[in-house]
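Each chain, letter by letter, is given below.
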Amino acid sequence: MPVTERALELAMAAAQAASDKKAQDIVVIDVGDQLAITDAFVIASASNERQVAAIVDAVEEALVNLPEKAKPVRREGERQGRWVLLDFIDVVVHIQHAEEREFYALDKLWKDCPTVPFVDRDMVEADATGAA
């Protein structure tokens, strides 16, 4: 079953929050047909542990501020700060240090699943003002 509306809302909010904190290579993967436990993965990279922590905080804040609040039911990897997993049930957010992202290659592991397009709102706004 493709990604639900709720999962899409959470994934896009998480991706935007990560982007706002300068995360790189943000990908949203629809894993609903492959996994029964979640509908989507959001994967984002950070250049250092401090940025991983900032992105994690921003994602949690963004999702708890949604009209229908979402808090992670599970959180893993925070102590090391190199790969933090936030499980929001409908969506699992992976914030990885760039080296872990390359080594574990989640994108390649789930390459058979469709990706969901994410466009940073700042890029849309920049395009709109640039075209005017």
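Residues numbered from 1 in each chain as written. Predicted model: local features only at pLDDT ≥ 70, side-chain atom pairs only at ≥ 80, totals over all residues. Heavy atoms only, no water.

It is worth spelling out the overall build of the chain at this point. Across its full length, the chain holds 5 helices and 6 strands. Along the chain, from the amino end to the carboxyl end, the secondary structure elements read α-β-β-α-β-β-β-α-α-β-α. A compact globule built from 132 residues should have a C-alpha radius of gyration of about 14 Å, and the chain, at 14 Å, falls within 12% of that. In terms of its C-alpha atoms, the chain occupies a principal-axis envelope of roughly 45 × 35 × 30 Å. Burial status across the chain gives 45% buried among its 132 residues. Residue pairs in contact within the chain that sit at least 24 positions apart in sequence constitute 61% of those at least 6 positions apart. Total accessible area computed for the chain in this model is approximately 7700 Å², and 53% of it derives from carbon and sulfur atoms. Charge centroids of the chain, computed over 14 positive and 25 negative side chains, lie 6 Å from each other. (Helix = DSSP H or I, 4+ residues; strand = E, 2+ residues; numbered from the N terminus. Rg over C-alpha atoms; globule rule 2.2 N^0.38 Å. Buried < 20%, exposed > 50% of the residue type's maximum accessible area, 1.4 Å probe, protein only. Contact = heavy atoms within 4.5 Å. Areas by Shrake-Rupley, 256 points an atom, 1.4 Å probe, with all protein chains shown as cover. Lys, Arg positive; Asp, Glu negative; His and termini not counted. Charge placed at Lys NZ, Arg CZ, Asp CG, Glu CD.)

Attention now goes to helix H1 (residues 5–20). With 16 residues, H1 should cover 22 Å at 1.5 Å per step; its first-to-last C-alpha distance of 22 Å lies within 8% of that length. Buried within H1 are the following residues: Arg-6, Ala-7, Leu-10, Ala-11, Ala-13, Ala-14, Ala-15, Gln-16, Ala-17, Ala-18 and Ser-19. Count one or two residues on from H1 and you reach Lys-22, which has phi positive near 70 degrees. (Expected span 1.5 Å × (residues − 1).)

Of note, the phi angle at Asp-25 is positive, near 50 degrees, even though the residue is not glycine. Topologically, Asp-25 is positioned in strand S1 (residues 24–30). Phi angles above zero are rare outside glycine, and Ala-105 is one such case at about 45 degrees. By secondary structure assignment, the location of Ala-105 is in the loop between helix H3 (98–104) and helix H4 (106–109). Overall, Ala-105 belongs to the buried group, its relative accessible area being 18%.

Below, the discussion takes up the packing of aromatic side chains. Within the structure shown, the criterion is met by 3 aromatic pairs. Pairing Trp-83 with Tyr-104 gives two aromatic rings, centres 5.0 Å apart and planes at 50 degrees, and the pair type is tilted. With Trp-83 in strand S4 (residues 83–87) and Tyr-104 in helix H3, this pair connects stretches of sequence that are 21 residues apart. The exposure class assigned to Trp-83 is partly exposed, which follows from its relative accessible area of 24%. (Phe/Tyr/Trp six-rings, centres within 6.5 Å; stacked < 30°, edge-to-face > 60°.)

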